[in-house]
Amino acid sequence: HRSLGEPFGVKGFPTLKILPRGTGLDEARNSFNYEGAREAEAMFNKLKELVEMDKKVGRDDKLDVVASDFMAADDKAAFLAKPETKTAIDAVFGGELYYGLMEKIVNKGDEYVEKEIARIGRIIAKGKITREKFADMILKQNVLRAFSVEES
């Protein structure tokens, strides 16, 4: 099946390619060679490492602490209204997403987090969204996990 390998730059066999999540044939240039050991455990560990890195896209360690503290707060609206909360969020690139999610949680309740993670997962699984929307949803889903009790 050499024709399948051509878009990915496969010149010899066996060649193992890793495709970032959401990569299709039209984005074959985003694939990269797997250069590790050809043993199941080594391959599994490499893929696991890549998945963990993927889950961190859009996240910030400092803002994850703010998210955790926010979820632990008895009065989330008061936590969000504190000037130091806004200052901490504004100090980090991407903080507006964290802030917007906090506002949603205040308005919709703690259950919003798990419901939204699941909703985004269903939309992604259908695969009928643009590449840009896919990227936005992955970003939102990743940051939502900072607010998830299950992820803590």
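Description of the structure in this document. These figures come from a predicted structure and were not determined experimentally. Counting from 1, residues in each chain are numbered in the order their sequence is written. In keeping with the model being predicted, local features are shown solely for residues with a pLDDT of at least 70 and side-chain atom pairs are shown and tallied solely at 80 or more, while totals for entire chains, interfaces and linings include all residues. Excluded from the side-chain calculation are hydrogens and water; included are all heavy atoms of the structure.

Notes on helix α6 (residues 95–108)
What counts is decided by this rule: Runs of H or I in DSSP of at least four residues are treated as helices and runs of E of at least two as strands, each being numbered from the N terminus. Take the residue count of a helix, subtract one, and multiply by 1.5 Å to get its expected span. Exposure categories follow from relative accessible area, calculated using a 1.4 Å probe and restricted to protein chains: below 20% of the type maximum is buried, above 50% is exposed, and the middle band is partly exposed. Each direction from the helix axis to a C-beta atom contributes to the arc, which is the arc of those directions. Throughout, a contact is declared for two residues whenever any of their heavy atoms are within 4.5 Å.
Its 14 residues place the ends of α6 20 Å apart at the C-alpha level, agreeing with the 20 Å of an ideal helix rising 1.5 Å per residue. Buried within α6 are the following residues: G95, Y98, Y99, L101, M102 and I105. End-on, the buried residues of α6 take up no more than an arc of 165°, which puts them together on one face. α6 presents E96 and N107 as exposed residues on the side facing more than 90 degrees away from its buried surface. Structurally, α6 contributes buried residues whose contacts are with α3 (61–72), α4 (76–81), α5 (83–90), α7 (112–126) and α8 (131–146). Just beyond α6, the residue with positive phi is G109, at close to 95°.

All we've got here are geometric facts, nothing functional implied.
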